[in-house]
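The residues making up each chain are set out below.
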Amino acid sequence: QVQLVESGGGLVQAGGSLRLSCAASGHTFSNYIMGWFRQAPGKELEFVGKISRSGVATYTADSVEGRFTFSRDNAENTFSLQMNSLKSEDTAVYYCAASSRAYMEVRTSGDFTSWGQGTQVTVSS
């Protein structure tokens, strides 16, 4: 299993930006589809989006489309989430996750086998 550690969370004002990073170790990073999830207080885990092994293809949830983008650096074993125009409803714990399944098969949290510990993002209005 690949080990994942998120960083970059914090407190930001509405309309601001934040960049989360996920550092991977333990296995060949480029073998994995990477995804971001988030969980707000009292709510279910939400799939934010995913990126293909090469980084060419991405999927972004409708709730963050146009504001959040994903990128990865396979040489540095990192996966990033750039969040712009943040809203109070983006407040959540954000998790990165890794999947060894085919890109088109990855749709839900059950498709991911490795998870980070999470990082808190708080957006003040």
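Residues numbered from 1 in each chain as written. Predicted model: local features only at pLDDT ≥ 70, side-chain atom pairs only at ≥ 80, totals over all residues. Heavy atoms only, no water.

Trainee: Would you mind going over the state of the cysteines with me for this structure?
Mentor: When the sulfur atoms of two cysteines share a covalent bond, that bond is a disulfide. Evaluation of the coordinates by the stated rule reveals one disulfide. Two residues share a disulfide in this structure: cysteine 22 and cysteine 96, whose sulfurs sit 2.1 Å from each other. Looking down the S-S bond of the cysteine 22 and cysteine 96 bridge, the torsion is 55 degrees, so its handedness is right-handed. Of this pair, cysteine 22 sits in strand β3 (residues 18-25) while cysteine 96 sits in strand β9 (residues 92-99), and the two are 74 residues apart along the sequence. An identical accessibility class is assigned to cysteine 22 and cysteine 96; each is buried. (Disulfide = S-S within 2.5 Å. Helix = DSSP H or I, 4+ residues; strand = E, 2+ residues; numbered from the N terminus. Buried < 20%, exposed > 50% of the residue type's maximum accessible area, 1.4 Å probe, protein only.)

Trainee: Mind showing me how you'd approach the packing of aromatic side chains here?
Mentor: Each aromatic ring pair is described using two quantities: the centre-to-centre distance and the angle formed by the ring planes. Throughout the structure, instances matching the rule amount to eight aromatic pairs. When the ring of phenylalanine 37 is compared with that of tryptophan 115, the centres are 4.8 Å apart and the planes differ by 50 degrees; the resulting orientation is tilted. In this pair, phenylalanine 37 is assigned in strand β4 (residues 33-39) and tryptophan 115 in strand β10 (residues 114-115), connecting sequence segments 78 residues apart. Overall, the relative accessible area of 32% leaves tryptophan 115 in the partly exposed class. The interplanar angle of 65 degrees and the centroid separation of 6.0 Å between the aromatic rings of phenylalanine 47 and phenylalanine 112 together place this pair among those described as edge-to-face. Residue phenylalanine 47 is found in strand β5 (residues 46-51), and its partner phenylalanine 112 is found in the loop between β9 and β10; the two are separated by 65 residues along the sequence. The same class applies to phenylalanine 47 as to phenylalanine 112, namely buried. Geometry around tyrosine 103 places lysine 50 over its ring, the cationic atom sitting 4.2 Å from the centre. (Phe/Tyr/Trp six-rings, centres within 6.5 Å; stacked < 30°, edge-to-face > 60°. Lys NZ or Arg CZ within 6 Å of the ring centre and 35° of its normal.)

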